[in-house]
Amino acid sequence: MESLKAGKIPRTATGPIAVVGDGPVGLLTACLLARHHPVCRIGEGREGARPGTDPRLYALSATSLNLLERLGIYSELAPARCRVFSALEIWIHRHRSRLRFSAEDIGGGLLGATVWARDLLPVLESRIQTAGIIRWEGHPDQIERAEDGWRLTGNGKEGVFPLLIVAEGGNSRLREREGIPLDIHDYGESAVTGWCVPEREGGDVLRQVFTPWGPLGLLPVPGGGLSFVWSMPNPIARNWLMRKPEEWAALIEEASEGFYGRIQLPEAPHAFPLRRQVARRYVTGRFALVGDAAHVVHPFAGQGLNLGFLDAGVLAGRLARTLCRSGPVSWDAALLAYDRNRRSANLRFLAGLEALRLFLRGRDPLGWRDQALAVLARHRLLRRPWVAVAAGHGSRRLLREGTPVRVA
Ligand SMILES: Cc1cc2nc3c(=O)[nH]c(=O)nc-3n(C[C@H](O)[C@H](O)[C@H](O)COP(=O)(O)OP(=O)(O)OC[C@H]3O[C@@H](n4cnc5c(N)ncnc54)[C@H](O)[C@@H]3O)c2cc1C
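This structure is a prediction, so every number in the text was calculated from the model and none was measured.

About the criteria used
Residues numbered from 1 in each chain as written. Predicted model: local features only at pLDDT ≥ 70, side-chain atom pairs only at ≥ 80, totals over all residues. Heavy atoms only, no water. Near = heavy atom within 4 Å. Polar contact = N/O pair within 3.5 Å; in protein donor to acceptor, adjacent residues only side chain to side chain. Nonpolar A, V, L, I, M, F, W, Y, C, P; charged D, E, K, R; others polar. Helix = DSSP H or I, 4+ residues; strand = E, 2+ residues; numbered from the N terminus. Buried < 20%, exposed > 50% of the residue type's maximum accessible area, 1.4 Å probe, protein only. Axes fitted to C-alpha atoms, helices over the stretch in contact; angles between N-to-C directions. Parallel < 35°, antiparallel > 145°, perpendicular 65-115°, else oblique. Left-handed = near helix turned anticlockwise from the far one by under 90°. Contact = heavy atoms within 4.5 Å. Pairing = 2+ DSSP bridges.

## Some thoughts on the site of the ligand
Here is step 1: Close to the ligand lie 28 residues, the nearest being Arg56, Ala59, Asp292, Leu305 and Asn306.
Here is step 2: Between the ligand and proline 24 there is a distance of 3.4 Å, counted from an oxygen atom to a backbone nitrogen or oxygen.
Here is step 3: Take alanine 59: an N or O atom from its main chain is 2.7 Å from an oxygen atom of the ligand.
Here is step 4: Grouping the amino acids of the shell around the ligand by side-chain chemistry returns 12 nonpolar, 9 polar and 7 charged.

## Examining unusual backbone geometry
Here is step 1: The omega torsion across alanine 78 and proline 79 is -5°, close enough to zero to call that bond cis.
Here is step 2: Along the polypeptide, proline 79 turns up in the loop between helix H4 (73-77) and strand E4 (83-85).
Here is step 3: Even without glycine at this site, glutamate 257 takes up a positive phi of about 55°.
Here is step 4: With respect to the helices, strands and loops of the structure, glutamate 257 is situated in the loop between helix H8 (245-255) and strand E17 (263-264).

## Comments concerning helix H3 (residues 62-69)
Count 3.6 residues to each turn of an α-helix, and residues three or four apart come out pointing the same way.
Here is step 1: Where burial is concerned, most of H3 is hidden: 8 out of the 8 residues are buried.
Here is step 2: When H3 is considered as a whole, its buried residues turn out to be Ala62, Thr63, Ser64, Leu65, Asn66, Leu67, Leu68 and Glu69.

## Overview of the packing of helix H2 (residues 24-34) against helix H5 (residues 117-130)
Here is step 1: As a packed pair, H2 and H5 sit with axes 9 Å apart at the nearest point and diverge in direction by 30°. One way to sum up the angle between H2 and H5 is to call them roughly parallel. Both H2 and H5 take part in a crossing whose hand is left-handed. On H5, the residues touching Pro24, Leu27, Leu28, Ala30 and Cys31 of H2 are Leu120, Leu121, Leu124, Glu125, Arg127 and Ile128.
Here is step 2: The class makeup of the residues in the contact of H2 with H5 is 9 nonpolar, no polar and 2 charged.

## Observations concerning the sheet that holds strand E9 (residues 143-146)
Here is step 1: Sheet architecture is open: 3 strands sit in the order E9-E10-E11, paired in antiparallel fashion. On the outer flanks of this sheet lie E9 and strand E11 (157-161), each paired with one strand and no other. Taken pair by pair, the neighbouring strands of this sheet meet at an average axis angle of 25°, ignoring direction.
Here is step 2: In this structure, strand E10 (residues 149-154) lies alongside E11, joined through 5 bridges in antiparallel fashion.

This is the structure in structure tokens:
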């Protein structure tokens, strides 16, 4: 590590792993890997992430919280900067039946917790500092393939890294430069998100209303209030974004059928264009994609970051096990196993998510959907698999590294 700190990286296969991307997945991946191997971040133009500019509130599953807790992050955030939730309620606008998926369906505990991006990123950054992960200033164009991995040249430095992990988000330039093909579907929709203050708190429950304009997610916020994520066709989003906050408040009141009483919107909402995007390969040689750089999903179920955290946990776990057994010589096998496991798991998840989205938002002239929801509402056994997915339990076996940490 001494030579690393001096800015010179030894030209051996055991040099530091390079992670590119300042978002939550890149930061978590770097921290998890640094427990087993030297890690270096490569970034451009700015020192670390700019958390204050991200208006998103993340709903993190219990499995994501467990991953964060491996680094003591959940304990640091909770309770002031995390709001736990133990149920998820779904209904169709103006339909009477409501479906509640509760942690009690799977024996209690919590389903997850919400946390602002602006609170999560600084804590991840502080773990980066304590892990001694240094940051190299570098543009993606300065990173080139080399005989023994990747070489970064520029700014008077040269470094060689045996493995490059890319967490640049949906518009990843390194993924594009490597020519990894993408399957893209433009939804023609935007997710409008903001923060509001309701007259009545709705408890520790996430709510999702399928309105005629698109699904509206209402998430309890740490410290009080609600965050909303409303996906809607682009023309409607463009039109509505010109409205005043009080008009937005009235729209949310109407869409949530007065459940929260009067609503106030202290600030104007933000819009994110929506697309589904899947990389056909996550790994090529000593190059691996994680998080949104590998897959972008519709935010109606609040699962994009949870999938990215699973990528980080599985990749770090596979590489750590390989390093313990045989050293970096068998990294290629570990990377291929990561590619196989995560790509197929994410594709299955995505297919399920799309089927659910279409089932809940489509028309229901024969009333079958209402009947299916009523059957689910009556039978806990049928709800269990859905609750397990929401809590991320199905993915636990993929994270075999170490003893699982229980968050309460
Ligand atoms: C409205 C909305 C609500 C959402 N809610 C949820 C939710 O409740 N739960 C959930 O699980 N998911 C949610 N998601 C999805 C979630 O936001 C993403 O899946 C998640 O942010 C992906 O993280 P990431 O680190 O992979 O990518 P990003 O968050 O896109 O981060 C990548 C970062 O890397 C930076 N970068 C790019 N290139 C470089 C470079 N060369 N050097 C340095 N930095 C670089 C980018 O500027 C960016 O800051 C939501 C999405 C939206 C749009």
